[in-house]
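Analysis of the macromolecular model
Listed below are the residues making up each chain.
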Amino acid sequence: DQQVKQNSPSLSVQEGRISILNCDYTNSMFDYFLWYKKYPAEGPTFLISISSIKDKNEDGRFTVFLNKSAKHLSLHIVPSQPGDSAVYFCAASALRGADGLTFGKGTHLIIQP
Amino acid sequence: DTEVTQTPKHLVMGMTNKKSLKCEQHMGHRAMYWYKQKAKKPPELMFVYSYEKLSINESVPSRFSPECPNSSLLNLHLHALQPEDSALYLCASSQNRYEQYFGPGTRLTVT
């Protein structure tokens, strides 16, 4: 049973435009959400996170939005740059990460020049 | 400094071998994790250490044996593995169990 879902395996966006990556979750106990970026043959790199008590967190070009009632979060990247091309994983934790992270399957973002 | 280091980067081992994966962090983090990632799949949690004590074992087979010698080091001892155990093994650490910082991983191939 997939508790964290990323329904788009890939997304292609033109350089300079906004990239929007989506994530849904089913476990109501999740209270912390994170986005990671991963290049092939490397470990995931932490990007941005959000606590369930907030609905938005921003860090430079990256903004994460959380809609608790819909159990949905999204990552906005603006403007998109070629170096943003990577696989993006949505992850969630319950009890403040005490039981590790549950990852979605990832979305491969391709930024086209 | 948010660096987690892992050695070796690549490992090829036979099914009768014994080998160990090593992970190190110097960020003062008190929780450390092992994850396994198969190709085109998300990372899956294997073990969690909190304050050098094993707090979670996600029903991992006994051929994988974790060890936390001190707060900076985490080992994963491997014995009698199967070809299906071939994967990228990721170590992570965190402070206050929020953001986890991952190492580059060890690419393990079991022949």
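These lines cover the structure that appears in this document, whether it is placed above or below. Please read these numbers as outputs of a predicted model, since none were measured by experiment.

Right, let's talk about the side chain of His-29 of chain B for a bit. Residues and elements named next belong to chain B. Note on placement: His-29 falls in the loop between strand E3 (18-25) and strand E4 (31-37). A relative accessible area of 8% means that His-29 is categorised as buried. Here Ser-93 takes part through its side chain, which lies 2.8 Å from a polar atom of the side chain of His-29. Looking at His-29, its side chain comes within polar contact range of the main-chain nitrogen of Ser-94, at 3.4 Å.

Moving on, we get to the sheet that holds E3 of chain B. All names here are of chain B. With antiparallel pairing, 4 strands are arranged side by side in an open sheet as E1-E3-E8-E7. Strand pairing shows two members of the sheet lacking a second neighbour, strand E1 (4-7) and strand E7 (64-70), which therefore form its edges. Direction aside, neighbouring strands of the sheet carry axes that sit 20 degrees apart on average.

Further remarks concern the interface of chain A and chain B. Of the residues lining the interface, 20 residues belong to chain A; the matching set on chain B comes to 20 residues. Buried surface at the junction of chain A and chain B, summed over both partners, amounts to about 1,600 Å²; 62% is from carbon and sulfur atoms. For the interface between chain A and chain B, the tally reads 5 residue pairs in polar contact (both at pLDDT 80 or more). Sorting the residues of the side of chain A that touches chain B by element identifies strand E4 (30-38) and strand E5 (45-51) of chain A as the ones contributing at least two each. It is E4 of chain A that provides the largest number of residues to the side of chain A that touches chain B, a total of 4 residues.

Basis of the calculations
Residues numbered from 1 in each chain as written. Chains lettered and ligands numbered in written order. Predicted model: local features only at pLDDT ≥ 70, side-chain atom pairs only at ≥ 80, totals over all residues. Heavy atoms only, no water. Helix = DSSP H or I, 4+ residues; strand = E, 2+ residues; numbered from the N terminus. Buried < 20%, exposed > 50% of the residue type's maximum accessible area, 1.4 Å probe, protein only. Polar contact = N/O pair within 3.5 Å; in protein donor to acceptor, adjacent residues only side chain to side chain. Pairing = 2+ DSSP bridges. Axes fitted to C-alpha atoms, helices over the stretch in contact; angles between N-to-C directions. Contact = heavy atoms within 4.5 Å. Buried area = accessible area lost by both parts, 1.4 Å probe.

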